[in-house]
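Structural overview
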Amino acid sequence: MNRASLYPISGFLIAPPIGALIWVVLYGGIGEIFGGISAWAVIVSWVISAIVGIPIYLLLKAKGCINFRSLTLGGALISAAPWLLFSFPGGTTRSVVGQTIFIENGSYTTAGLLYQLKFLLGFGFCGAVSGLVFWLIVRQLVTRPSN
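This report concerns the structure included in the present document. (Residues numbered from 1 in each chain as written. Predicted model: local features only at pLDDT ≥ 70, side-chain atom pairs only at ≥ 80, totals over all residues. Heavy atoms only, no water.)

A short note on helix H1 (residues 3–28)
Here is the rule we go by: Counting from the N terminus, the helices are the DSSP runs of H or I reaching at least four residues and the strands are the DSSP runs of E reaching at least two. A helix is expected to span 1.5 Å multiplied by its residue count minus one. A residue's bend is simply the angle between two axes: one fitted to the seven residues ending at it, one to the seven starting at it. Note on classification: 1.4 Å probe, protein chains only; a residue is buried when its accessible area is under 20% of the maximum for its type, exposed when over 50%, partly exposed between these limits.
Between the first and last C-alpha of H1 there are 38 Å, a value that for 26 residues agrees with the 38 Å anticipated at 1.5 Å per step. Most pronounced at Gly11, the bend in H1 amounts to some 25°. Along H1, the residues classified as buried are Tyr7, Pro8, Gly11, Phe12, Ala15, Pro16, Pro17, Gly19, Ala20, Trp23 and Val24. Gly29 lies just past H1 and shows a positive phi near 95°.

Observations regarding the environment of Leu58
One can find Leu58 in helix H2 (residues 36–63). Taking the C-alpha atoms as reference points, Leu58 and Val24, separated by 34 residues in sequence, lie 28 Å from one another.

Looking at the sheet that holds strand S1 (residues 94–97)
Test applied: For two strands to count as paired, DSSP must find a minimum of two bridges between them.
Strand order in the open sheet made by the 3 strands is S1-S2-S3, with antiparallel pairing throughout. The open sheet is flanked by S1 and strand S3 (107–108), the only strands paired with a single partner. Where strand S2 (residues 100–104) lies against S3, 2 bridges are found, and the strand directions are antiparallel. Bridge pairing links Ile103 to Tyr108 in S3.

Dropping the structure here:
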């Protein structure tokens, strides 16, 4: 295995779990870092990375677009996309959490939309951090002077 393929492989093994663990800390607290949710978050981050991240990386690489901006923005979008896809009310006509109505008559209320936006931004932030970590690993391939 050559050095050029070792950087992306290392990036795909290291970067997604870092974003996942940041998500666990943000939404569960530091005490959850060694809990079962962390293991699930790491596994899910690897699965999403394998299904979505690797093909997007290969596409960006083929287009010559591997840079800080593309990887951090790509990480944010890849991380937020599953939540966005699974957050439609569907068959739910009403959802109440505590005293707050999130879905009424099959549509999000303002409180529900703000809740969804908060989660999307949280996932996006964690994905951007993963993208940053990935960039720090693979930038050696892009910024290394040619011989």
